[in-house]
Amino acid sequence: MPIHKPGLAARPFATPWVLLLPMALWAGAVPAQPAPAPAAGIYSCTDARGRTLTADRPIAECVDREQRELSPSGTTRRRIEPTYTARELAEREDRAREAALQAARLTDERRRERALLVRYPNAEVHDRERAEALVQIDAVIQAAKKRLAELAEDRHKIDEELEFYKHDVSKAPGAVRRKLEDNAQSVAVQNRFIGEQEDEKKRVNARFDEERTRLKQLWSPQNGGIKR
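Note that this is a predicted model, so its numbers are computed, not measured.

Chemist: Can you walk me through the sheet that holds strand β3 (residues 67-70) in this structure?
Modeler: Strand pairing within a sheet occurs via backbone hydrogen bonds; the two strands may be parallel or antiparallel. Read from one edge of the open sheet, four strands run β2-β1-β3-β4, paired in antiparallel fashion. Each having just a single partner strand, β2 (52-55) and β4 (76-80) make up the two edges of the open sheet. Averaged over all adjacent pairs, the angle separating strand axes in this sheet is 25 degrees, with direction ignored. With four bridges joining them, β3 and β4 adopt antiparallel strand pairing.

Rendered as structure tokens:
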């Protein structure tokens, strides 16, 4: 008959820690498995003779051209730039700079074309603005010609005053001679101004002609453009 000591409760059997210690030490002694190494890449390029070359390392025959490193599935992992000499690098930079300038010029040209179309949506608007610009210049020219007519009348009066001194104007009174000089200078100024305005008319017409040539390429046929 089993003996039961009062006051002692029954408890489940527990593994002694001394048994677990060797197991822990053994588990720590097992080396960790190394991570699998990435699959080797495949290098591919097209040589100077147009042949497609492949290798398991960068290809010497393609040192002067771009190479691609491919994954085993054939996708491009990276692109390897050619090895350039100092001169080739300078030429490459010059080409890149020129390409950037050309792109900037093209962008600016497209911007100006859009601005032209906004300002002149059709040929009628363009013709009207040309006419208005020329009318303004003509008005200035007419004002200058009117001033010339006034100066001509003044000159006629001065000539009447100089009638007695027509053989030797230097003997005329100083006030009369000054009026004559002032009149001549004013006439020269007005004639020069009229010439400048005539040149301005030529510039305005040339600008509108140049715009019209460009706009014909941009307008639809209904708006005055060239039929394509």
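Chemist: Would you mind going over the state of the cysteines with me for this structure?
Modeler: In total, this model carries one disulfide according to the counting rule given. Note that Cys45 is cross-linked by a disulfide to Cys62, the S-S spacing being 1.9 Å. Looking down the S-S bond of the Cys45 and Cys62 bridge, the torsion is 70 degrees, so its handedness is right-handed. Note that Cys45 is positioned in strand β1 (residues 42-46) and Cys62 in the loop between β2 and β3, a separation of 17 residues in sequence. The same class applies to Cys45 as to Cys62, namely buried.

Chemist: Explain the pattern of salt bridges here, please?
Modeler: All chains considered together, the criterion is met by 25 salt bridges. Two residues, Arg78 and Glu69, come together in a salt bridge whose shortest N-O distance is 2.4 Å. Look at Arg78 and you get partly exposed, because its relative accessible area is 42%. Classification of Glu69 by relative accessible area gives buried; the value is 10%. One connected set of salt bridges, linked through shared partners, spans Glu109, Arg110, Glu113 and Arg214.

Chemist: Could you clarify how one ought to interpret the side chain of Asp47 in this entry?
Modeler: Mapped onto the fold, Asp47 is located in the loop between β1 and β2. Note on Asp47: relative accessible area 5%, which makes it buried. There is a polar contact of 2.7 Å between the side chain of Asp47 and the side chain of Arg51. When residues no more than four places from it in sequence are discounted, the contact partners of Asp47 are Leu53, Cys62 and Arg65.

Chemist: How should the nonpolar core be read in this particular structure?
Modeler: With 16 residues, the main nonpolar core has Tyr120, Ile194, Val204, Phe208, Leu215 and Trp219 as its most contacted residues. The set of elements that each furnish at least two residues to this core consists of α3 (123-161) and α4 (174-218). Broken down by element, this core gets its largest block of residues, nine residues, from α3. Those residues in contact with Val204 that sit more than four places away from it in its chain are Ala133, Leu134 and Ile137. Counting six residues, the second-largest nonpolar core is a separate cluster that includes Tyr43, Cys45, Cys62 and Ile80.

How each quantity is defined
Residues numbered from 1 in each chain as written. Predicted model: local features only at pLDDT ≥ 70, side-chain atom pairs only at ≥ 80, totals over all residues. Heavy atoms only, no water. Pairing = 2+ DSSP bridges. Helix = DSSP H or I, 4+ residues; strand = E, 2+ residues; numbered from the N terminus. Axes fitted to C-alpha atoms, helices over the stretch in contact; angles between N-to-C directions. Disulfide = S-S within 2.5 Å. Buried < 20%, exposed > 50% of the residue type's maximum accessible area, 1.4 Å probe, protein only. Salt bridge = Lys/Arg side-chain N within 4 Å of Asp/Glu carboxyl O. Polar contact = N/O pair within 3.5 Å; in protein donor to acceptor, adjacent residues only side chain to side chain. Contact = heavy atoms within 4.5 Å. Core = buried A, V, L, I, M, F, W, Y, C linked by side-chain atoms within 4.5 Å.

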